[in-house]
Every structure is written in structure tokens, then in C-alpha cells.
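Letter by letter, the chains look like this.
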There are 2 protein chains.
Amino acid sequence: MQAKMISDLKTPAFLVDLPILQRNIGEMAKRAQRLGVRLRPHVKTHKTAEIARLQAPGPDAAITVSTLAEARFYKDKGFQDITYACPLDPNKIPEAAQLGRDMRNFNLLLDHPDTFAALESYGRGNKIRFAVFLKVDCGYHRAGVDPEKSESYLLAEQIHNSRYVEFRGILTHAGHSYHCRGAEAIAAVARQEREIMAGFAEGLKKRGIEPIVVSVGSTPTAVHARSWEGVSEIRPGNYVFFDKFMADIGACAFEDCAATVLVSVVGHYPERNQILVDGGALAFSKDPGAVHVDPEAGFGAVTGHPDLRFKSISQELGVITSASRMPFESFPIGGRMRIVPNHSCLAAALFPVYHVVEGSRVVDAWVPHRGW
Amino acid sequence: MQAKMISDLKTPAFLVDLPILQRNIGEMAKRAQRLGVRLRPHVKTHKTAEIARLQAPGPDAAITVSTLAEARFYKDKGFQDITYACPLDPNKIPEAAQLGRDMRNFNLLLDHPDTFAALESYGRGNKIRFAVFLKVDCGYHRAGVDPEKSESYLLAEQIHNSRYVEFRGILTHAGHSYHCRGAEAIAAVARQEREIMAGFAEGLKKRGIEPIVVSVGSTPTAVHARSWEGVSEIRPGNYVFFDKFMADIGACAFEDCAATVLVSVVGHYPERNQILVDGGALAFSKDPGAVHVDPEAGFGAVTGHPDLRFKSISQELGVITSASRMPFESFPIGGRMRIVPNHSCLAAALFPVYHVVEGSRVVDAWVPHRGW
């Protein structure tokens, strides 16, 4: 039987380059080991069992998820230690309770006294104990308590003293590392992330709250951190695929991008130096990319053709322009391109299957989980 | 049995307000009838059988799709007259041929001689005749032949004279109407769209190419056109739901938006006047909206609260800000909001089910088709 080739695939198709994926996963495992922290990878980027097993092998595998649907999916795949790293919606407490019963360790996240009160009330009424992380704001200003405020210590103490909620630790996400430009700037955010979290943990220790898990991590800071002293675990996720955004801010090299979208050329417009392809917003999402690094970032990068720009997208079509003369002869009607998306997490979520490739061969097909 | 209520739903959830949907569909049918054109609605916005049947009732139902997967889905649901309105990728000709065999009328689109040659070659080899529209550029400059150029007439003649390809007509999409601001500007684009297409049809007639179908339409121009003289059919799609973008450019009123995303409040941040909700880029996509009308458009509009702004989104979380003091008391932790997305087509595509609502009751659940 002849091996299936990339050229046999229908477009648009989501391709995962297996050797690059494995290298990215290996490098992050080494970084965590070198700096003495546990790796609890986020799996929201891909939502497949296969990649999660590569990221978190072994019986003690610990992962991070972004939805309860992911938690259920990975529990069914045998994962027994999961952190659901979004502030909990109190309406979802019964679902979360069931997940807590069904696995060895299921951690929740909160940053508001009302969420804590709702958990306590449910725990008391249903004889169940929840494992909880206090979400901390280390500068991203999206969610989390302010580690400078006395109310934050008060909430930690309330959790610590509860009979129905177990205080597992403190957790942050340095999402502001995405606004950086270059390794030095990212390393500075990693230092801030570490210092704020280690300092808050120290403050909690003085109040008798110890030992706790100190959980940090975004892909950029996980790549460029030089020390994780005082930190227990890191939770990067995007690093399995990386993407144009990560390459643009300096969190990876362009050659580290493991995910590409395969598209076909469906139009030539020499009068405006443009090519039309059959991948649009339903194949790439519409993340504008790292516009703070490159205002003309476009929606992705055509592999092997740095002069080309993925200028605009509508639902099913994308427009490619060129800074120099468009090489139409390299991309005839029906020809193919591989495009690194701006944001691999959002692009991946749009595809029913990932085609796993080595060189030009398709060696596997992985099916992601979706929904909530 | 108690009726299911919106408050019973898990978040994020995609809601379709049935009375508004029906009104939007009825209004567009009346517009088409009043101006004497056939309505061949685009179904890509929703991709459900239920809404397509409301848009295109009766045995002569004709619809427009954006993917071959949609074409197969609607064929299986009994639709027998479908236009696949994206320039054809030659790699997809065998699939398109099968669809042509399986239904009464399946129309394809092209704007390049190489696509025509590939269709002719396949038709000759497989004894099949394709029905084809020539895609025309009426000013959007995304795809289509230039109606001013002699090559465009030449390609039309080649199609017209082919034994394996039947020249069905000319088709355009005035996507530049999305860049308008207000009814007058949109009406002007509709006039341009009509004049260019009617003029091109007239030129073809002089060359003996007649009768042909003249197909136009975007939702904004379909709403505001005052005449479709010389036009056979219109293909709006977004009008079933409308969205914040359409309201912002003046293609509809905000009250016409039939689709909302239901989210739960998961965080309060009084120090920065912000609320965090459990709907992000995987519930809304990341369409920036009509920034030419409102540079601060955000990612959607919170119903009933015009002061609120959907400022930013990450994968599963969204940040709501307010121009005045945030009404935290109206949105307690675990409370709900309904948000009109910027771009309903892209948001809808992210949900496995649409909850159909009338007032606060959930009266049905519709499952969209996905993929390619």
C-alpha cells in the first residue's frame, strides 16, 4: 500500500509536523527539569489525547485544561490529575464536583469570595471537598487577586480554614508576556511573575499557610525564564505547536512552528499582485497577530516564502500579497501553500482532525475534542 | 413537564431568537419580491437545515453554500438547487462532479482560464457537464474577473462554447459594502453592483451569450438596494442573524440581531471597572468588528447595556469594561449576560448546537454542519 502524502489531502487541512512537535515537547521538558519545576502542561492548544500523552507521559501525568469538557475528555483518556485553569463559574459547580469524584486530583480556580462561598455551600450540602487554587494577578490584569492587598490574604486564609475546600496553592498566568518583544523583555516578565508569586507564597507562609503549590506559566515565560526559584510548577501550552505570534515576539524561531494550514490556490490577480486561497476565518480564526511587533503582521506566514503576506481573510477565502513580484508560477491554480497561523490554539480549534506529517508523508490522524 | 429556560443552559451557549429570526427572513423575502428578484439565500451563516428551510421554502428552493461539505449536507436534506459560491479549487473537481450527479442543479464558480480548462478536461474524460458561473469583480477586489477587460469576455465565450461546461451566468459579491457607513453609502454600492453586472450582461448579450442568470448580493446591499433591474437573483446570508458589525454599519437595527452568546460572569475587578466572563475567542472568534465606524468597537455588544464594552478576549475568557461605573450588582458572580457577536457567521461556526429561544424559554435545539 502506498503511503498517504500531504498532496493527497483535501484543503483546508491542519497539519502537525511530528518531528518539530516532538522537539518542542522535549525542549520544554528539559527546561522544566533544568530549573527544577514540575511541568503541568496546558492541553487547550490541541485538545488531543495523543499530544497530551507526549507532553505528560507516565502514571503521574498532570495536565491543565481550559474547559470542563476537556477535563471530562482527558479523564476518560486516563488522566487523573487535572487543573481547570479558568476562574470557576458557580453554575458549573455540580459538574466540577462530579469530576472531582471521578479522578484522583481535580483542581479548581477562584479569585472571588462569592465563588468560594458557593463552593463551600455546595461542599457542605453534598459532603464533598474541592481542591482549589487562588488565582493571582501578576501583571496581566485579566483575572486574579492583587497580591498587594490584604483582602487577598484574607481570601487565602478563608480557603485554608475551610472544611469543604482544600487550599491547594496559588496560580498565575503571565499573559502580558505576549505583549513583549524579544527574549530579554520576556525574561523580565518571567522574573516579575516568579518574584510576585514567590513573594506572595512567602507572605502566606508567615500566616501559617504552607506548604502550597506555586503554579505559573505562559509559553513565552516558560521558554525564557532563567530561574523558577520558589515556584513548584509551570503550565505552558502553546509551545507544542508555537505559531507566528510566538515567532514574532521571540518566544521561538519560525522553524519551531509545528502547525500549518494547508490551502489551495483558487485565484490569480496579477493586476494587484494577489493570490486567493481556500482558507479563511474558519480555518485560521481572525487573530490579528503580534501587531505591536509588526503592524503589517497579516493572518499567518507562508512557509518558504517570507516575502508573501497573508493580508486578509473572509469566511472561506484568504488573500495573499507580496512585497515583491508575486511568484505566480510557484503557485499555479490548484497549487498548494502551507501557512503558519498567527494563533495555533484558535486555528486548531476549527479543525475536526489534525493530519500528522513527517516530511511529505501523512503518518497519522489525531482527533481533537471540542465544545464546553 | 416544565419548559426549559435560558437560565438552565450551560455557558457559553449560542442563542437564536426565533421571532427575530423569522422577522429577518420574512423581511428579506419581501424585499426580493418587491424588487422582482429571486432569493437564493446563502446558508453559510448558520449551516442548519432548519434555518435554510425557513429561508428557502418550497420545492423550488435554491440556496448558496460556501463549502462542498455544506453542499453535501444540504443535498442530503433534500435541497436540489445549490450554488457553491467560492472559486473552485481544481483538486475538488471529482467531489463537485459527484454533487452534480446527485442533485438537479449544482452550480460552480470560476474566474480563471486554468480552472475552466481543468473542468473541461474532467468533463470530457468523465462524460459529465458542469454548470458554471463566471465570478465578476464589482469593486470588492477579492476575486472575480474585471468586467472592463476583453479577457473577461473571452473567458465567458469559452465557457459558453464548451461542450462540457454550461455557462449558467455571472455572479458577484459586493463585499466592499461592509466598509460602508450608513444606508446611503450602502445603497450607492448596491447601485454600482447592479450597474456593473447589468452592463456586463448587456455586453455578453451583444456577443450572443444569453439568457444568463445575473446573481448579486451581500446582506448590506440586499437590505438597501432600491432597484435590481437587470439582476436575476440575490444571495444574502448574514441577514438571518445580523450582528454587531451589520448594526454598526447601518445594515440593520441593533434590535434585529437574532443571535447572541450567553455567558456567565466569573470575575469582578472593581479597581479597573471590569467584569470577566466565560466566553472568549472560541465562542466569538476574533473579528475586530466595524472599526471604521467605531475604532473602540470591541468584540460584541452586551444586550440591554449600551454602556458596556466587550474589550478583549483570550481563548475562553472575555473582559467587559464600562464607559461609566460598572453595574456589578446587575452582574453578580455566576450572573448571565447575552452578547451580540461582531460577526455572527464566525461565532455560530464555533458552537455544536444553537439553542432556539422565545423570550426566556428554550423551544428547540438546532445542530449546524461543519468542516469542509
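About the cut-offs
Residues numbered from 1 in each chain as written. Chains lettered and ligands numbered in written order. Predicted model: local features only at pLDDT ≥ 70, side-chain atom pairs only at ≥ 80, totals over all residues. Heavy atoms only, no water. Helix = DSSP H or I, 4+ residues; strand = E, 2+ residues; numbered from the N terminus. Rg over C-alpha atoms; globule rule 2.2 N^0.38 Å. Buried < 20%, exposed > 50% of the residue type's maximum accessible area, 1.4 Å probe, protein only. Contact = heavy atoms within 4.5 Å. Buried area = accessible area lost by both parts, 1.4 Å probe. Salt bridge = Lys/Arg side-chain N within 4 Å of Asp/Glu carboxyl O. Expected span 1.5 Å × (residues − 1). Polar contact = N/O pair within 3.5 Å; in protein donor to acceptor, adjacent residues only side chain to side chain. Arc of directions from axis to C-beta. Least-squares fit on C-alpha atoms with pLDDT ≥ 70 in both. Pairing = 2+ DSSP bridges. Disulfide = S-S within 2.5 Å. Axes fitted to C-alpha atoms, helices over the stretch in contact; angles between N-to-C directions. Parallel < 35°, antiparallel > 145°, perpendicular 65-115°, else oblique. Left-handed = near helix turned anticlockwise from the far one by under 90°. Phe/Tyr/Trp six-rings, centres within 6.5 Å; stacked < 30°, edge-to-face > 60°.

What follows concerns the overall build of chain A. Within chain A one finds 11 helices and 17 strands. The C-alpha radius of gyration computed for chain A amounts to 22 Å, which stays within 12% of the reference 21 Å derived for 372 residues, consistent with globular compactness. With the C-alpha coordinates aligned to their principal axes, the bounding extent of chain A is approximately 70 × 45 × 35 Å. Within chain A, the proportion of its 372 residues that are buried is 64%.

Next up on the list: the interface of chain A and chain B. Between chain A and chain B, the residue contacts involve 59 residues of the former and 58 residues of the latter. Together chain A and chain B conceal approximately 4,700 Å² of surface at their shared face, both sides included; 56% is due to carbon and sulfur atoms. Run the count over chain A and chain B and you get 10 salt bridges. With a closest N to O distance of 2.4 Å, A:Lys92 and B:Asp278 form a salt bridge.

With that settled, the discussion passes to the pattern of salt bridges. Applying the stated criterion across every chain yields a total of 48 salt bridges over all chains. One salt bridge connects B:Arg272 with A:Asp137, and the closest N-O pair in it is separated by 3.6 Å. Remark: A:Asp137 occurs in the loop between β6 (130-135) and α6 (150-161) and B:Arg272 occurs in the loop between β10 (259-269) and β11 (274-277); the pair is interchain, linking two chains. Among the ionic pairs, B:Glu184 bridges to B:Arg226, the shortest N-O distance being 2.8 Å. In this pair, B:Glu184 is assigned in helix α7 (residues 183-206) and B:Arg226 in the loop between α8 (219-224) and β9 (233-234), connecting sequence segments 42 residues apart. Within the structure, one salt-bridge network assembled from shared partners comprises A:Arg38, A:Arg40, A:Asp81 and A:Glu233.

A separate point is α7(B). Residues and elements named next belong to chain B. For α7, built from 24 residues, the straight-helix expectation of 34 Å at 1.5 Å per residue is met to within 8% by its first-to-last C-alpha distance of 34 Å. Looking only at α7, the buried set comprises Ile186, Ala187, Val189, Ala190, Glu193, Arg194, Met197, Phe200, Ala201, Gly203 and Leu204. Those residues of α7 that are buried are in contact with β6 (130-135), α6 (150-161), β7 (165-171), β8 (213-216), α8 and α9 (244-249).

The subject of this paragraph is the side chain of A:Asp137. On the basis of relative accessibility, which here comes to 11%, the residue A:Asp137 falls in the buried class. At 2.9 Å, the side chain of A:Asp137 forms a polar contact with the backbone nitrogen of A:Gly139. In terms of polar contacts, A:Asp137 uses its side chain to reach the backbone amide nitrogen of A:Tyr140, at 3.3 Å. When sequence neighbours within four positions are dropped, the list of residues in contact with A:Asp137 reads A:Ala143, A:Gly144, A:Val145, A:Pro147, A:Thr172 and B:Arg272.

Our focus in this paragraph is α6(B). Residue and element names in this part refer to chain B. An ideal rise of 1.5 Å per residue puts 16 Å on 12 residues; α6 measures up with 17 Å between its terminal C-alpha atoms. Buried residues of α6: Ser152, Tyr153, Leu155, Ala156 and Ile159, and no others. Buried positions in α6, seen along its axis, are confined to an arc of 160 degrees and lie on one side of it. What points out from α6, more than 90 degrees from its buried face, is the exposed set Ser150 and Asn161. Buried residues belonging to α6 abut β5 (105-110), α5 (113-126), β6, β7 and α7.

Another point: the relation of the copies chain A and chain B. The transformation that overlays chain A on chain B combines an axial shift of 0.0 Å with a rotation of 180 degrees, and the residual RMSD is 0.0 Å. The symmetry that links the two subunits is that of a two-fold axis. Across chain A, the smallest distance between a C-alpha and the rotation axis is recorded for A:Lys286, namely 2.5 Å. Comparing interface residues between copies, 98% of those in chain A also sit at the interface in chain B, which points to an isologous, same-surface contact.

All names here are of chain B. Spatial strand order, β2-β9-β8-β7-β6-β5-β4-β3: 8 strands in an open sheet with parallel pairing. Of all the strands in the sheet, just β2 (38-39) and β3 (63-65) have a single pairing partner and so form its edges. Relative to β6, β5 runs parallel, the two being bridged by 4 bridges. Note that in β6 the partner of Leu110 across the bridge is Leu134.

Turning to unusual backbone geometry, a few remarks are in order. Residue and element names in this part refer to chain B. Look at the link from Thr11 to Pro12: it is a cis peptide, with omega at -5 degrees. Tracing the backbone shows Pro12 in the segment before β1 (13-17). Following Glu210, the chain continues to Pro211 via a peptide bond in cis, the omega torsion being -10 degrees. With respect to the element layout, Pro211 can be found in the loop between α7 and β8. Here the phi dihedral of Phe242 falls at roughly 50 degrees; this positive angle occurs in a residue that is not glycine. With a relative accessible area of 4%, Phe242 lands in the buried category.

Let's shift gears to the sheet that holds β6(A). Pairing is parallel across the open sheet formed by 8 strands, whose spatial order is β2-β9-β8-β7-β6-β5-β4-β3 (chain A). Only two strands of the sheet have a single neighbouring strand rather than two, namely β2 (38-39) and β3 (63-65) of chain A.

Another aspect to go through is the state of the cysteines. Residues and elements named next belong to chain A. In this structure the tally under the stated criterion is 0 disulfides over all chains. In this model Cys86 remains outside any disulfide bridge; the closest cysteine sulfur is found in Cys345, 12 Å from its own. Of the residues examined, Cys86 reaches a relative accessible area of 8% and is grouped as buried.

Let us look at the packing of α6(B) against α7(B). Residues and elements named next belong to chain B. Put simply, α6 and α7 touch, their axes get as near as 11 Å, and they point 60 degrees apart. If you check the angle between α6 and α7, you find them oblique. Crossing of α6 over α7 shows right-handed handedness. Only Gly199, Phe200, Gly203 and Leu204 of α7 make contact with α6, whose side of the interface consists of Ser152, Tyr153 and Ala156.

So, about the environment of B:Phe351. Along the chain, B:Phe351 turns up in the loop between α11 (344-348) and β16 (354-358). Sequence separation between B:Phe351 and B:His268 is 83 residues; the distance between their C-alpha atoms is 26 Å. Ignoring any residue separated from it by four or fewer positions in sequence, one finds B:Phe351 in contact with A:Trp372, B:Pro12, B:Ala13, B:Phe14, B:Val261, B:Ala283, B:Pro368 and B:Arg370.

Before going further, it helps to spend a moment on the packing of aromatic side chains. Here the structure, examined in full by the defined rule, presents 24 aromatic pairs over all chains. Measuring from centroid to centroid gives 4.8 Å for B:Phe14 and B:Tyr354, while their planes differ by 45 degrees, and the two rings are tilted. Of this pair, B:Phe14 sits in strand β1 while B:Tyr354 sits in strand β16, and the two are 340 residues apart along the sequence. For the pair formed by B:Phe14 and B:Tyr354, the shared burial category is buried. Residues B:Phe284 and B:Phe310 carry aromatic rings whose centres are separated by 4.8 Å and whose planes lie at 70 degrees to one another, so their mutual orientation is edge-to-face. Taken together, the residues B:Phe284 in helix α10 (residues 281-284) and B:Phe310 in strand β13 (residues 308-313) connect sequence positions 26 residues apart. For B:Phe284, a relative accessible area of 2% puts it in the buried group. On the basis of relative accessible area, B:Phe310 is assigned to the buried category, the value being 0%. Of the aromatic side chains, those joined through ring pairs into one cluster are A:Phe14, A:Phe241, A:Phe351, A:Tyr354 and B:Trp372.

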